[in-house]
Amino acid sequence: MGDTIESVEGLFEDTANGPRLLGSRCATCSTPYFPRSSGCHNPDCDLSKMEDTYLGPKGRIWSLSVQTYPPPPPVVSNDPFEPFAAAMVDLEEGLRVLGRIVCDDPGQVNVGDEVELVIAPLGNDADGREVVSWQFKPV
Ligand SMILES: [Zn+2]
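The model shown is predicted, which means the values in this text are computed figures rather than measured ones.

Here is what the cut-offs are and how they apply
Residues numbered from 1 in each chain as written. Predicted model: local features only at pLDDT ≥ 70, side-chain atom pairs only at ≥ 80, totals over all residues. Heavy atoms only, no water. Helix = DSSP H or I, 4+ residues; strand = E, 2+ residues; numbered from the N terminus. Buried < 20%, exposed > 50% of the residue type's maximum accessible area, 1.4 Å probe, protein only. Contact = heavy atoms within 4.5 Å. Core = buried A, V, L, I, M, F, W, Y, C linked by side-chain atoms within 4.5 Å.

1. Looking at the overall build of the protein chain
Piece 1. Scanning the protein chain for helices and strands turns up zero helices and 10 strands.
Piece 2. Starting at the N terminus and walking to the C terminus, you meet the elements of the protein chain as β-β-β-β-β-β-β-β-β-β.
Piece 3. Counting only C-alpha atoms and orienting by the principal axes, one finds that the protein chain spans roughly 50 × 35 × 30 Å.
Piece 4. When the 139 residues of the protein chain are sorted by exposure, 36% land in the buried category.
Piece 5. Relative to all contacts within the protein chain whose residues are 6 or more apart in sequence, the contacts with residues 24 or more apart total 52%.

Next comes the structure, spelled out in structure tokens:
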């Protein structure tokens, strides 16, 4: 116990300005990507020129669902399990990202709600380590 690990390395970072997703953007056509992409997939783009960028923290819920039963491994969740909302969030940078919603009552979260990125625990893994990941919190 006591150890904390990231759900997946290289996807998010707690920066001096707060949590951010680690994405990339094509300098030619401005298309954003998450996770980072080594090439631009925009069929109208003439020259793939990728640059690393931070994404977030602000977004708005585009769609959501409440998970009412424990997802199967390797997904980490609270034990004992508590239902949580998972949402597709439109980030201000122009792409849509899936994340859990941090809140007391998932039934009170709605499409259109403004949210911001947080790095928060998902639960503990089989070795007892706390697993943290990017999530969204209503603002
Ligand atoms: Zn491009």
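From this point, things continue past the structure.
2. Quick word on the nonpolar core
Piece 1. Membership of the largest hydrophobic core comes to 17 residues, with the highest contact counts inside it found for Leu21, Leu91, Ile101, Trp134 and Phe136.
Piece 2. Contributions of two or more residues to this core are made by strand E7 (84-91), strand E8 (96-101), strand E9 (114-124) and strand E10 (130-138).
Piece 3. With four residues, the single largest contributor to this core is E7.
Piece 4. With residues up to four places along the chain from it excluded, the contact list for phenylalanine 136 reads Val89, Leu91, Val97, Leu98, Gly99, Arg100, Ile101, Val102, Val115, Glu116, Leu117 and Val118.

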